[in-house]
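Okay, here's what each chain looks like letter by letter:
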Number of protein chains: 2
Amino acid sequence: MLPSGPHARVENWIPNLPSVPTLDDVARSAGVSTATVSRCLNSPERVVEHTRKRVMAAVEQLGYTPNFGARVMAAKRTFTIGAIIPTMENAIFARGLQAFQEALHARGYTLLVASSAYQPKIEEEQIRSLVARGADGLLLIGHDRDPAVYAYLRARSIPVLSAWVYLPDCDQPTVGFDNRASMRALAQKVIDFGHRSIAMISGITEGNDRAAARLAGLRDALGENGLDPDAVPVIETPYEIENGAIAFQTLMQRDMAPSVVMCGNDVLAVGALRGARELGLSVPQDVSITGFDDIELARIVEPQITTVHVPHREMGRRAAEALIDIVEKRNSGASVELQSTVRMRGSLRDLSV
Amino acid sequence: MLPSGPHARVENWIPNLPSVPTLDDVARSAGVSTATVSRCLNSPERVVEHTRKRVMAAVEQLGYTPNFGARVMAAKRTFTIGAIIPTMENAIFARGLQAFQEALHARGYTLLVASSAYQPKIEEEQIRSLVARGADGLLLIGHDRDPAVYAYLRARSIPVLSAWVYLPDCDQPTVGFDNRASMRALAQKVIDFGHRSIAMISGITEGNDRAAARLAGLRDALGENGLDPDAVPVIETPYEIENGAIAFQTLMQRDMAPSVVMCGNDVLAVGALRGARELGLSVPQDVSITGFDDIELARIVEPQITTVHVPHREMGRRAAEALIDIVEKRNSGASVELQSTVRMRGSLRDLSV
DNA sequence: GATTCAAATGTAAGCGCTTACACTGCGGTC
DNA sequence: GACCGCAGTGTAAGCGCTTACATTTGAATC
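Residues numbered from 1 in each chain as written. Chains lettered and ligands numbered in written order. Predicted model: local features only at pLDDT ≥ 70, side-chain atom pairs only at ≥ 80, totals over all residues. Heavy atoms only, no water.

Student: What is the right way to read the protein's contact with DNA strand D from this model?
Tutor: Surveying the vicinity of DNA strand D reveals 25 residues, the closest of which are Leu23, Ser38 and Tyr64 of chain A together with Thr36 and Thr51 of chain B. Within 4 Å of the protein, the atoms of DNA strand D are drawn from sugar and phosphate moieties in a proportion of 61%. A distance of 3.5 Å separates a base nitrogen of DNA strand D from a polar backbone atom of Ala70 of chain A. Secondary-structure elements contributing two or more residues to the surface near DNA strand D are α2 (34-42) and α4 (68-75) of chain A together with α2 (34-42) and α4 (68-75) of chain B. (Near = heavy atom within 4 Å. Polar contact = N/O pair within 3.5 Å; in protein donor to acceptor, adjacent residues only side chain to side chain. Helix = DSSP H or I, 4+ residues; strand = E, 2+ residues; numbered from the N terminus.)

This is how it looks when you write it as structure tokens:
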């Protein structure tokens, strides 16, 4: 090699050669050709045991690790999947991404991560960046984005999967749940409990189809129960606890204070709860609050929050599997629907009893 | 597929040519050599304007994007940084990683993520995987690991940065805070408040120098105040809310129930709080609880938790900057110490009044 | 013992890019 | 007018790997 290996001292003579072992070094050391070494690594069954053992020993002894760039060039595959999420700071994405990464790893893939801070412009830039890096496939959150993005990806034959939404009729595969139906189901419970004066604190719906679907789900339920879908007071605000508190107080100080404030996610709901506490209102006696997502927070506050449970970990895992299946051409990508379930807890009062 | 995407029909004509333009195509189209095109892209000032414009037009017109793998091979740089964290599910890592990624992106780097689930074996495997993928540098959490790992990295000249710890005497750069001193400071407050019967719920210390340092910090404070450092009851348990609750109950049911239970992090503290509630004990009247990290959870529970505030976001950002500086050889990597601060809140009772 | 044909292994051609080095041509200089 | 230096450009050698194809090996068959 310039002898390499764990005990190589070469760099003492030639300062600029840290002498990382290459396939060639392994081949020489094991007394075989590079092709055989490559086969040992990529399709071991094609090499007879006796040789394979010798090669593996050399690999071990030299501390050889294949060079990624070279491998990519020769094989046209990176075994890398890119994911772009709004932010890791929201527990639902952190959890989903964690599961996604674990599943990827189990299948021999590595995760490239970027975040968009909920901004379409940044997201597009990140998509290009991950594609340029050779991501074999891409995980995106939601599906509502500029068609040009999908065209770009299609032109480069990069499979994309949208998660956190379930859109059976969409031409891209999705892995998620029906945000709209989930919120409708929760709202139905709320209405069943006798609530008629309902307000909502929603996430920003522009460019966020999940938030928009949840709001739509509430309106669906209202309409189905003879209530006016357009009369519901809605405040849109970014997903931050503090914003939930502020929005809650704004809603409660209107002429007709609602009997329940439904929130676009648990973070906002926890904020609303804090807002209620600050106003001296007790939950659920004076006002009810609901959330969405069922993150840990929802069960930690007092009272615990009635919310919609979403299997985030499973979503991450299934997304990884579905995406790899497409990348490896095992199928063309059917969407996967996961079930969400309403979790009744203390923050919602039953007015009908 | 080959070409995927619903509208790709190309494979009907020329099965193996999805025809992604290469440097060569651009060169031919612009009537220059590949070297000139490459220079236009990498060091434009070395090409005369007239030529450059022609080349850029060709790039634009063909929709050329450089091939990452090839570039890596030839240039030996990936502009990719790898990070291996225990898990994204802990808010402190999610937050730090988010900031890390943002800072990386601002400098033109992309983040490769892997997680170890607190298991050294998995971590080592992930390190190899990220190195193989050509990460220009690596972010690791804590510094306590097999020397062979550092030898491996050194042999490959991969810069490593340890975060979440501050070790000025270490031969690797670190960006973090002094876990031991931080816990000592908190324990001192606890002792100042008149507590003498102290117990601790610690994270698993094996292979986790942060957890070990926190425990050591408590012992330091005890020793300095004439209390027996070895008499303190300690339960080690993984960082999960449920475990905190269980450990808390175990501690309280001993002969000498402590007046305060100090926890290795806020997650355990929240669990302890729940454990107290289940036992019918009120905090801080019957027993005090402290945490560590100051995650959102700590301010959401009732009472709010006395804890040590750690600037996770800043840590992520500074780590990114320091690591890139090393990668780009702007310096050889001085450690950065961040300040943690004790946050006094309702969960700790002052017995001295 | 000669022949056959898998199985095992080797040979070598790229993959698309960067960059050291070679070349070209032009405006000074002597 | 021969020579120099230099900016601008071209030539071509790899980078480390995978893989199509060529070659060797050896067990099985006749």
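Student: I'm lost on the relation of the copies chain B and chain A in this one. Help?
Tutor: Mapping one chain copy onto the other needs a rotation about an axis and a shift along that axis. Superposition of chain B onto chain A requires a rotation of 180 degrees combined with a translation of 0.8 Å along the rotation axis, giving an RMSD of 1.1 Å. Taken together, the rotation and translation relating the two chain copies correspond to the operation of a two-fold axis. Considering only C-alpha atoms, the part of chain B nearest the rotation axis is Leu112 of chain B, at 2.1 Å. A symmetric contact is evident, with 84% of the interface residues of chain B recurring at the interface of chain A. (Least-squares fit on C-alpha atoms with pLDDT ≥ 70 in both. Contact = heavy atoms within 4.5 Å.)

Student: Looking at this model, I keep getting lost on the sheet that holds strand β6 (residues 198-202) of chain B. Mind explaining?
Tutor: Backbone-to-backbone hydrogen bonds pair the strands of a sheet. The strands run either parallel or antiparallel. Residue and element names in this part refer to chain B. Across the sheet, four strands lie side by side as β7-β6-β8-β9; this open sheet has parallel pairing. Two strands in the sheet have a free side with no partner beyond their single neighbour: β7 (234-236) and β9 (288-290). Geometrically, the sheet is characterised by an average inter-axis angle of 15 degrees between neighbouring strands, direction not taken into account. Strand contacts of helix α10 (residues 241-252): β6, β7, β8 (260-263) and β9, with the helix running at about 155 degrees to β6, the strand carrying the most contacts. Most of the contacts of helix α11 (residues 266-279) go to β9, to which it runs at about 160 degrees, and overall it touches β6, β8 and β9. (Pairing = 2+ DSSP bridges. Axes fitted to C-alpha atoms, helices over the stretch in contact; angles between N-to-C directions.)

Student: Sorry, what's going on with the sheet that holds strand β9 (residues 288-290) of chain A here?
Tutor: All names here are of chain A. The four strands are arranged β7-β6-β8-β9 in an open sheet whose pairing can be described as parallel. The sheet is open, and its two borders are formed by β7 (234-236) and β9, each paired with just one other strand. Here the average twist between neighbouring strands, direction ignored, is 15 degrees. Sheet topology places strand β6 (residues 198-202) next to strand β8 (residues 260-263); four bridges connect them, and they run parallel. Residue pairing in the sheet places Ile201 in a bridge with Cys263 of β8.

Student: Explain the interface of chain B and chain A to me, please; I cannot follow it from the model alone.
Tutor: Accessible area lost upon the coming together of the parts is a frequently used measure of interface size. With 55 residues of chain B in contact, the opposing surface of chain A contributes 57 residues. Its largest share of buried area at the contact with chain A, chain B owes to Glu89, Arg133 and Ile300 of chain B, together 15% of the area lost on that side. Taken together, the links from chain B to chain A amount to six salt bridges. For the salt bridge of Arg277 of chain A with Glu302 of chain B, the shortest nitrogen-to-oxygen distance reads 3.7 Å. Where chain B packs against chain A, one counts 26 residue pairs in polar contact (both at pLDDT 80 or more). Counting residues per element, the ones that place at least two in the side of chain B that touches chain A are α4, α5 (91-106), β2 (110-115), α6 (120-132), α7 (147-155), α11 and α12 (297-300) of chain B. Its residues placed into classes, the side of chain B that touches chain A shows 25 nonpolar, 18 polar and twelve charged. Note: strand β2 (residues 110-115) of chain A against β2 of chain B, three bridges, orientation antiparallel. Bridge pairing links Leu112 of chain A to Leu112 of chain B in β2 of chain B. (Buried area = accessible area lost by both parts, 1.4 Å probe. Salt bridge = Lys/Arg side-chain N within 4 Å of Asp/Glu carboxyl O. Nonpolar A, V, L, I, M, F, W, Y, C, P; charged D, E, K, R; others polar.)

Student: Is there a simple way to think about the protein's contact with DNA strand C in this case?
Tutor: Residues in close proximity to DNA strand C total 25 residues, the closest being Thr36 and Thr51 of chain A together with Leu23, Ser38 and Tyr64 of chain B. Restricting attention to atoms of DNA strand C within 4 Å of the protein, one finds that 58% of them are sugar or phosphate atoms. Contact between DNA strand C and Thr36 of chain A: a phosphate oxygen at 2.6 Å from a side-chain N or O atom of the residue. Contacts to DNA strand C include Asn67 of chain B, whose backbone N or O atom sits 3.3 Å from a phosphate oxygen. Put simply, the parts of the chain that give the surface near DNA strand C at least two residues each are α2 and α4 of chain A together with α2 and α4 of chain B.

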